[in-house]
Amino acid sequence: GDKVAFLGGPALSEYCIVKAERAALIPPDTDDYALWIAEPASCVVNGVRSARVEPGDTVILIGAGYMGLLLVQALPTRVMHRFVVIDVDDERLELARRFGAAITLNPRDVDVVTEVRRLTGASESAVYPEEQEVVARLLGRAAASCRSLAWEDVAAIERLLGARESRVHADLSPQDIWLAERALSRRRSGADIVIEAAGAPGVLDTAGRMLRPGGRLSIFSFHTSREEVDLPTWHMRGYEVQNPAPNFSHNIVKDFQDAVRLMHDRTLDQRALITHRFPHTAAREALAVTAARPKGYIKAAVTFD
């Protein structure tokens, strides 16, 4: 007669058998079982552990969907120097702010890479005289106008130096490229940690351009297709890249048990996230709504009430 959340088991089944360690008690007066979905919360605990946020870090979270918003709730925002959440949905960004995000950015409104660079604040913008000619050639301007670099200039030069199909490298000597990189290095900035929870095509490349040298990229989301990234830059800048899927965890059962504890004290609170509920007899409809993702949709749950 105990009420429990559990880890694993078959989908859309009324009964299943799990090992005792993979079950955890939930309040006996629970009547909204949709709020006690625990497997995603377990993945979030694994993701937070793997991110290894330290006091003073600047952390960027890309993606404020269901899992991303759970991450916002679980991450130690109080010890961060700066926490930025990025998404294309303003309503979800509003939820992220309610859950503790200090800054939110919508890529439809701003160039998020440039804005992150500005927020993380490398301050020296001067271009030395011996660098001005190559910077001017890259930007298509007169050398006299290239005595300093705006944030937009940094992004433009990086795009050119990283272009795969342009002739920019044929037009620059190794010395020119070194001078351009030296000018950029004094203006570069970036986040300590970027957590990618969007799963959208092209987002990994964007995430990489937000990191400081030696920064950590956590590929939290599941990608359904191949992705292309600027691996030479990732290598030279020394990024740490991790994939915190369940197999990454040292102990996913502990992650689950800790997740349920966090659900008990409402650190992980799904009341604003479970937006659609369906009885098991309407499972097909639930899947159709999930695929369509109507306005206001975050997560649907199927119950056996």
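Quick summary incoming for the structure in this document.

A separate point is the overall build of the protein. Secondary structure assignment for the protein yields 11 helices and 10 strands. The C-alpha extent of the protein, read off along each of the three principal axes, is 80 × 35 × 30 Å. A buried classification covers 47% of the 305 residues belonging to the protein. Accessible surface for the protein amounts to roughly 16100 Å². Of this, 52% is attributable to carbon and sulfur atoms. Positive and negative side-chain charges in the protein, numbering 37 and 41 respectively, have mean positions lying 1 Å apart.

Here the focus is the packing of helix α5 (residues 129-139) against helix α7 (residues 174-185). Put simply, α5 and α7 touch, their axes get as near as 9 Å, and they point 95° apart. Here α5 is positioned roughly perpendicular relative to α7, judged by the angle of their axes. Here Glu130, Glu131, Val134, Val135, Arg137 and Leu138 of α5 lie close against α7, whose contacting residues are Asp176, Leu179, Ala180, Arg182 and Ala183. Of the residues contributing to the contact of α5 with α7, the split by class is six nonpolar, no polar and five charged.

Taken residue by residue, α5 has Glu131, Gln132, Val134, Val135, Ala136, Leu138 and Leu139 as its buried positions. In this fold, the buried residues of α5 make contact with α6 (151-161) and α7. Backbone geometry just after α5 places Gly140 at a positive phi near 70°.

Time to look at the environment of Ser42. The residue Ser42 is located in helix α1 (residues 39-51) in this model. Through-space distance from the C-alpha of Ser42 to that of Ala283 is 24 Å; in sequence the pair is 241 residues apart. Here Ser42 is in contact with Leu7, Ile252, Asp255, Phe256 and Ala259, once residues within four sequence places are set aside.

With five of its five residues buried, strand β3 (residues 58-62) lies for the most part within the structure. Burial of the side chains of β3 extends over both faces: Thr58, Ile60 and Ile62 are buried on one face and Val59 and Leu61 on the other. In the sheet, β3 pairs with strand β4 (residues 82-86) via five bridges, with the strands oriented parallel. Each bridged residue has a counterpart across the sheet, and for Ile60 the counterpart in β4 is Val84. Two strands pair when backbone bridges link them, and β3 and strand β6 (residues 191-196) are joined in this way by four bridges, in the parallel orientation. Looking across to β6, one finds that Ile62 is bridged to Glu196.

Within the secondary structure, Thr267 is located in the loop between α10 (252-264) and β9 (274-279). Residue class for Thr267 comes out partly exposed when judged on its relative accessible area of 31%. Spatially, the C-alpha atom of Thr267 lies 6.7 Å from that of Ala74, the residues being 193 residues apart in sequence. Setting aside residues up to four positions removed in sequence, Thr267 forms contacts with Gln73 and Leu262. Of note is the side chain of Thr267, whose polar atom sits 2.7 Å from the side chain of Asp265.

On to the pairing of β9. Pairing between β9 and strand β10 (residues 299-303): five bridges, direction parallel. Bridging from a neighbouring strand, His276 pairs with Ala300 of β10. Taken together, β9, helix α11 (residues 283-292) and β10 form a β-α-β motif whose crossover is right-handed.

What follows is about the packing of helix α2 (residues 66-74) against helix α3 (residues 90-99). Interhelical geometry of α2 versus α3 gives an angle of 20° and a closest axis separation of 9 Å. In terms of orientation, α2 and α3 fall into the roughly parallel class. Once α2 is placed against α3, the crossing between them reads as right-handed. In this structure, α2 contributes Leu69, Val72 and Gln73 to the contact, and α3 contributes Arg92, Leu95, Ala96 and Phe99. Split into classes, the residues belonging to the contact of α2 with α3 amount to five nonpolar, one polar and one charged.

This part is about the pattern of salt bridges. One pass over the structure, following the stated rule, counts 17 salt bridges. In this structure, the salt-bridge partner of Asp153 is Arg141, at a minimum N-O distance of 3.3 Å. One end of the pair, Asp153, is in helix α6; the other, Arg141, is in the loop between α5 and α6, and 12 residues separate them in sequence. Looking at Arg141, the relative accessible area reads 35%, which means it is partly exposed. Between Asp192 and Arg212 there is a salt bridge, with its nearest N and O atoms 2.6 Å apart. Note that Asp192 is positioned in strand β6 and Arg212 in strand β7 (residues 211-219), a separation of 20 residues in sequence.

What follows deals with a nonpolar patch on the surface. A surface patch of nonpolar side chains, amounting to about 250 Å² of accessible area, comprises Val4, Phe6 and Leu25. Relative to the elements of secondary structure, Leu25 occurs in strand β2 (residues 23-25).

Procedures and definitions
- Residues numbered from 1 in each chain as written.
- Predicted model: local features only at pLDDT ≥ 70, side-chain atom pairs only at ≥ 80, totals over all residues.
- Heavy atoms only, no water.
- Helix = DSSP H or I, 4+ residues; strand = E, 2+ residues; numbered from the N terminus.
- Buried < 20%, exposed > 50% of the residue type's maximum accessible area, 1.4 Å probe, protein only.
- Areas by Shrake-Rupley, 256 points an atom, 1.4 Å probe, with all protein chains shown as cover.
- Lys, Arg positive; Asp, Glu negative; His and termini not counted.
- Charge placed at Lys NZ, Arg CZ, Asp CG, Glu CD.
- Axes fitted to C-alpha atoms, helices over the stretch in contact; angles between N-to-C directions.
- Parallel < 35°, antiparallel > 145°, perpendicular 65-115°, else oblique.
- Contact = heavy atoms within 4.5 Å.
- Nonpolar A, V, L, I, M, F, W, Y, C, P; charged D, E, K, R; others polar.
- Pairing = 2+ DSSP bridges.
- Polar contact = N/O pair within 3.5 Å; in protein donor to acceptor, adjacent residues only side chain to side chain.
- Right-handed = clockwise from strand over helix to strand, strands pointing away.
- Left-handed = near helix turned anticlockwise from the far one by under 90°.
- Salt bridge = Lys/Arg side-chain N within 4 Å of Asp/Glu carboxyl O.
- Patch = residues over 30% accessible without salt bridge, like charges linked within 9 Å, V, L, I, M, F, W, Y side chains within 5 Å.

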